[in-house]
Amino acid sequence: MRARSGPTVEHRVLAVRLRMLRERAGVSLRAAAEALDAHPATVRRIERAETGLDARQVGELLRCYGVPPAVAEPIMAGLAAANLPGWWHRWRDTMEAWQQEVIGVESSASLVRTWHPALVPELLRTPAYAAALHRTQYPEDSPARRERRVELLRERRRRLCERGATLWALFPAAALHTRVGDRATMEGQRAALAEAMKEQHVTVQVVPLDHPPHPLTGVPPLHILRVPAPEIGDQAVLETPGVRVDLIDDPEAVTAHRIRLDAACAAAPGPGPRCRSDRVRPKPAGMRRAPVPCSVGEWCGSAGPSGSRWGSSCWASCWTW
């Protein structure tokens, strides 16, 4: 049995199938537990993918549910793959427990939607930006441990691109005024965002500084993950920094978060003409030209993931103090 580092999607799928088979057979948790000579909590943990899938236990459960061989055999054959550690297992010493759960879903997601109220969203951060942020977030970490955190982020981003998953990010222009690291770090981050926008599967919307409140104003970081597996519905991740992180799979709760995110994206600037930053916003008194014109781009509007992909009024950062 593997050391715990969060279940893979393959593990989650088999766990959900076992729960569905039990419910279809009309077998209670207690009756299933008796078949294993175990506590009902053991069956509950199996069905929630909170423990490894033991072949003997799974076989007993399938017999208890009266599952025919044509259905049972593929499940038993899939146990070995489901029990393999996820690719992120080697970084588990640098991860919080919630990160292992979230990355387990993210690693197979076909769509990742993300909102951050104050910073560049995690999957769009450069190594330098992430490292500078980690020095603040994890002051007691050794340099080597912080570097491993950056390595993990780089690998997450690489794998997201490799499988062609869609990344749709929404964040406020204030994130580009919050200096993380030195000036070179911020310039590099802006340049990286411009390069990311050239990728077919990346959409970025930036809410201008003078934009009115929208449905996610004041809401902590929120992520919606969609996995192309019918057994697993959309998952929502709601972060409350320094307090807790919730991985939400309740369909009604996820739908409520998705509607809120949809409304926020709809409220952000829509498609607009190609323009120069100095034609969009005059120089405010007491400010000077930013070192990176129009924050690396000239697109002023955004459609959804399938359309044009800027979502700010020139990032609302054409001028700086």
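Every chain is numbered independently, its residues counted from 1 as its sequence is written. Given that the model is predicted, a residue must reach a pLDDT of at least 70 before its local features are reported, and side-chain atom pairs must reach 80 or more before they are shown or counted; all residues, however, enter totals for whole chains, interfaces and linings. Here the side-chain values reflect all heavy atoms present in the structure, with hydrogen atoms and water set aside.

1. A few points about unusual backbone geometry
Despite not being glycine, D37 has its phi angle at roughly 55°, a positive value. Non-glycine residue A49 carries a positive phi angle of around 60°. With respect to the helices and strands, the residue A49 is situated in the loop between α3 (40-47) and α4 (55-64). Note on conventions: DSSP H or I runs of at least 4 residues are helices, E runs of at least 2 residues are strands, and numbering of each starts at the N terminus.

2. Thoughts on the sheet that holds strand β6 (residues 244-248)
A pair of strands counts as paired when DSSP detects no fewer than two bridges linking them. The mixed open sheet is built from six strands, whose spatial order is β3-β2-β1-β4-β5-β6. The two strands at the open ends of the sheet, each matched to only one other strand, are β3 (202-207) and β6. Between one strand axis and the next, the sheet turns through 10° on average, direction left out of account. In the sheet, strand β1 (residues 111-115) pairs with strand β2 (residues 166-172) via five bridges, with the strands oriented parallel. Along β2, the bridge assignment pairs R113 with W168. Lines are fitted to the C-alpha atoms to define the axes, a helix being fitted only along its stretch in contact, and any angle between axes, read from their N-to-C directions, falls within 0 to 180 degrees.

3. Section: the packing of helix α8 (residues 127-137) against helix α9 (residues 143-162)
Remark: α8 packs on α9, axes separated minimally by 9 Å, with the N-to-C direction vectors making an angle of 140°. Here α8 lies oblique to α9, going by the angle between them. Crossing of α8 against α9: the hand is right-handed. For the pair formed by α8 and α9, the contact residues are P127, A130, A131, H134 and R135 on the first element and R146, R149, V150, L153 and R154 on the second. Any angle between 65 and 115 degrees counts as roughly perpendicular, while under 35 counts as roughly parallel, over 145 as roughly antiparallel, and the rest as oblique. What makes a crossing left-handed is the near helix being turned counterclockwise from the far one by less than a right angle; a clockwise turn instead makes it right-handed. Two residues form a contact once any of their heavy atoms are found within 4.5 Å.

4. Observations concerning the layout of surface pockets
For each structure, a 1 Å grid was placed over the protein atoms alone; sets of points admitting a 1.4 Å probe that cannot get out are labelled cavities, open sets with protein on both sides within 12 Å along at least five of seven lines are labelled pockets, and lining residues have an atom within 4 Å of a point. Grid points are joined across faces, edges and corners, and a volume is the space filled by probe spheres set on the points. Of the voids in this model, the largest pocket is the one considered here, and its volume is about 670 Å³. Around the largest pocket, the lining comprises 29 residues; the ones closest to its centre are R12, V16, R48, Q235 and D249. When grouped by side-chain class, the residues that make up the lining of the largest pocket number 10 nonpolar, six polar and 13 charged. By volume, the second largest pocket amounts to about 550 Å³. As for the second largest pocket, its lining consists of 26 residues, and the residues nearest its centre are W98, Q99, Q137, Y138 and E239. Those elements giving two or more residues to the lining of the second largest pocket turn out to be α7 (97-106), α8, α9, β5 (235-240) and β6. Among the residues forming the lining of the second largest pocket, the class breakdown is 11 nonpolar, eight polar and seven charged. For this classification, the nonpolar set comprises Ala, Val, Leu, Ile, Met, Phe, Trp, Tyr, Cys and Pro, the charged set comprises Asp, Glu, Lys and Arg, and every other residue, Gly included, is treated as polar.

5. Overview of the nonpolar core
Counting 37 residues, the largest nonpolar core has V112, L124, Y129, F171, V180, V204 and L225 as its most contacted members. When residues of this core are traced back to their parent elements, those giving at least two are α1 (9-25), α7, α8, α9, β2, α10 (183-196) and β3. Among the elements that make up this core, the one with the highest residue count is α8 (four residues). Buried residues of nine kinds, namely Ala, Val, Leu, Ile, Met, Phe, Trp, Tyr and Cys, make up a nonpolar core once their side-chain atoms join them within 4.5 Å. Each residue is placed in one exposure class: buried if its accessible area under a 1.4 Å probe, protein chains only, is under 20% of its type's maximum, exposed if it is over 50%, and partly exposed if it falls in between.

6. So, α3
Of all the residues in α3, the buried ones are P40, V43, I46 and E47. Here the buried residues of α3 occupy an arc of 120° about the axis, which is enough to place them on one side. Packing partners of the buried residues in α3 comprise α1, α2 (29-36) and α4. Read the arc as the range of directions from the helix axis to the C-beta atoms.

7. Observations concerning empty space enclosed by the protein
Applying the stated criterion across every chain yields a total of one cavity of 30 Å³ or more. Lining the largest cavity are 15 residues, with V102, E106, E122, R156 and H223 sitting closest to its centre. It is α7 that contributes the most residues to the lining of the largest cavity, five residues altogether. Broken down by class, the residue content of the lining of the largest cavity amounts to eight nonpolar, three polar and four charged.

8. Observations concerning the packing of aromatic side chains
Two aromatic rings, drawn from Phe, Tyr or Trp (for Trp, its six-membered ring), form a pair once their centres lie within 6.5 Å of each other, and the interplanar angle then sorts them: stacked below 30 degrees, edge-to-face above 60, tilted otherwise. Taken as a whole and assessed by the stated rule, the structure comprises two aromatic pairs. For the ring pair W87 and W88, a centre distance of 5.9 Å and an interplane angle of 90° mean the geometry is edge-to-face. Of the two residues examined, W87 and W88, each falls in the buried class. Assessed through its relative accessible area of 19%, W87 is described here as buried. Of the aromatic side chains, those joined through ring pairs into one cluster are W87, W88 and W91. Only when the NZ atom of a Lys or the CZ atom of an Arg is both within 6 Å of the ring centre and within 35 degrees of the ring normal do we say a charge sits over the ring. The ring of W91 carries R90 above its face, with NZ or CZ at 4.4 Å from the centroid. Above the face of the W168 ring, R113 is positioned so that its terminal group lies 4.5 Å from the ring centre.

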